[in-house]
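Coordinate analysis (summary)
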Amino acid sequence: MKKVLAMALGLFTGLMMITPATAATVALDFTVPTEALDMPDADATTGLVHQNIIGTDNVNLYYRSPFEGTSLADGKFTAVRANSSATYDLGTSTNKVEFVWGSVDSFNLVKFYQGTTLVDFITGGTVIGEGATSGSGFAQVMIMANSLFDRIEFSSSQNAFEIGNLKISVVPLPAALPLYGAGIALLGFLGWRKRRSA
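All values reported here derive from a predicted model rather than from experimental measurement.

Cut-offs and rules
- Residues numbered from 1 in each chain as written.
- Predicted model: local features only at pLDDT ≥ 70, side-chain atom pairs only at ≥ 80, totals over all residues.
- Heavy atoms only, no water.
- Phe/Tyr/Trp six-rings, centres within 6.5 Å; stacked < 30°, edge-to-face > 60°.
- Lys NZ or Arg CZ within 6 Å of the ring centre and 35° of its normal.
- Core = buried A, V, L, I, M, F, W, Y, C linked by side-chain atoms within 4.5 Å.
- Buried < 20%, exposed > 50% of the residue type's maximum accessible area, 1.4 Å probe, protein only.
- Helix = DSSP H or I, 4+ residues; strand = E, 2+ residues; numbered from the N terminus.
- Contact = heavy atoms within 4.5 Å.
- Pairing = 2+ DSSP bridges.
- pLDDT = per-residue confidence, 0-100.
- Salt bridge = Lys/Arg side-chain N within 4 Å of Asp/Glu carboxyl O.
- Polar contact = N/O pair within 3.5 Å; in protein donor to acceptor, adjacent residues only side chain to side chain.
- Lys, Arg positive; Asp, Glu negative; His and termini not counted.

Looking now at the packing of aromatic side chains. One pair of aromatic rings is described through two measures. These are the centre distance and the angle between the planes. Per the stated rule, a full pass over the model turns up 8 aromatic pairs. Put simply, the rings of Tyr88, Phe99, Trp101, Phe154 and Phe161 touch in pairs and so form one group of aromatic residues. The ring centre of Tyr62 lies 3.7 Å from the NZ or CZ of Arg81, which sits over that ring.

Ranked by size, the top nonpolar core spans 28 residues in total, and within it Phe99, Val110, Phe112, Ile143 and Phe154 carry the most contacts. Looking at this core, the elements that each hand over two or more residues are strand E5 (84–102), strand E6 (108–114), strand E7 (117–123), strand E8 (138–156) and strand E9 (161–169). It is E8 that contributes the most residues to this core, 7 residues altogether. Ignoring sequence-local partners within four residues, the contact set of Phe154 consists of Val80, Ser84, Ser85, Ala86, Tyr88, Phe99, Leu109, Val110, Phe161, Ile163 and Leu166. Of all hydrophobic cores here, the second largest spans 9 residues; its members include Phe67, Ala79, Val100 and Phe138.

Sheet topology note: the strand E1 (residues 25–29)/E8 ladder contains 5 bridges and is antiparallel. Opposite Ala27, over in E8, you have Met142 as the bridge partner. Pairing analysis gives 14 bridges linking E5 to E8, with the strands arranged antiparallel. In the sheet register, Ser84 faces E8, and the bridge partner there is Ser156. When E6 meets E8, the two strands line up antiparallel, connected through 6 bridges. The residue bridging Asn108 from the neighbouring strand is Ser156, located in E8.

With that out of the way, let us pick up the side chain of Thr78. In this fold, Thr78 is placed in strand E4 (residues 77–80). When residues no more than four places from it in sequence are discounted, the contact partners of Thr78 are Met39, Val49, His50, Gln51, Asn52, Tyr88, Phe161, Glu162 and Ile163.

In this model, the protein carries a mean pLDDT of 83, and residues with pLDDT of at least 70 account for 75%. In the model, residues 4–9 has pLDDT below 50 throughout and makes 7 contacts with residues more than four positions away in sequence or in other chains. In this model residues 14–20 is a low-confidence stretch, pLDDT under 50, and it forms 9 contacts with partners more than four residues away in sequence or in other chains.

This paragraph deals with the pattern of salt bridges. Counted under the stated rule, the structure contains 3 salt bridges. Note that Glu68 and Arg64 form a salt bridge whose closest N and O atoms lie 2.8 Å from each other. On the basis of relative accessible area, Arg64 is assigned to the partly exposed category, the value being 32%.

We now examine the environment of Ser156. Inspection of the secondary structure assignment puts Ser156 in strand E8. Note on Ser156: relative accessible area 4%, which makes it buried. Note: C-alpha distance between Ser156 and Val80 (76 residues apart in sequence) is 6.5 Å. Ignoring anything within four residues of it in the chain, the contact list for Ser156 reads Val80, Arg81, Ala82, Asn83, Ser84, Phe107, Asn108 and Phe161. At 2.5 Å, the side chain of Ser156 forms a polar contact with the backbone oxygen of Gln158.

Attention shifts here to the environment of Arg64. Relative to the helices and strands, Arg64 resides in the loop between strand E3 (49–53) and E4. C-alpha of Arg64 to C-alpha of Gly135: the two residues are 71 residues apart in sequence and 9.4 Å apart in space. Contact partners of Arg64, with chain neighbours within four places excluded, come to Thr56, Phe77, Ser103 and Glu162. For Arg64, the side chain forms a polar contact with the side chain of Glu68, separated by 2.8 Å.

Attention now moves to the side chain of Arg81. Along the chain, Arg81 turns up in the loop between E4 and E5. Of the buried charged residues, Arg81 lacks a salt bridge, with Asp57 as the closest side chain of opposite charge at 5.7 Å. Within the local environment of Arg81, its side chain forms a polar contact with the side chain of His50, the two groups lying 2.9 Å apart.

Now the structure itself:
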């Protein structure tokens, strides 16, 4: 019986670790933000990343403020330029992130890692598919990953990916997962009893 329960527990643990590609869910809000939060500095960057900047680059149009056209025009944000990335180590595991995404572009990419393992990702194309306007304006975005993560990487293959009001919070994973595990354990136990009585 111990072996069957150990197998069931192992199977349940394995299923908890499997995350289908692009399983993250996205909720968008197009109302104007009521405050501009300070953006933390990235823990690591590659390429060219502008941090704690204010306003739009009106000369070269390399980036647009996610707060442009609002009363929060002096809000600080981060702009990740072409072939660049900004990575934030969270120090804890979570499965939810919120931020203001400026001028959403299909070439923007958010990756979620647990340690060094990629557990989920979402593209600007997905957010545009959910109703964001491509290349202009902003969207307040809430992304719920299907797995816990402790590191986020914002990257862009072209100019640029603008991020403001970054907020991280922990949300419990669906309550059905422990029930699913209990069901697998019960099936294992019933199979053991059947083999034992035979």
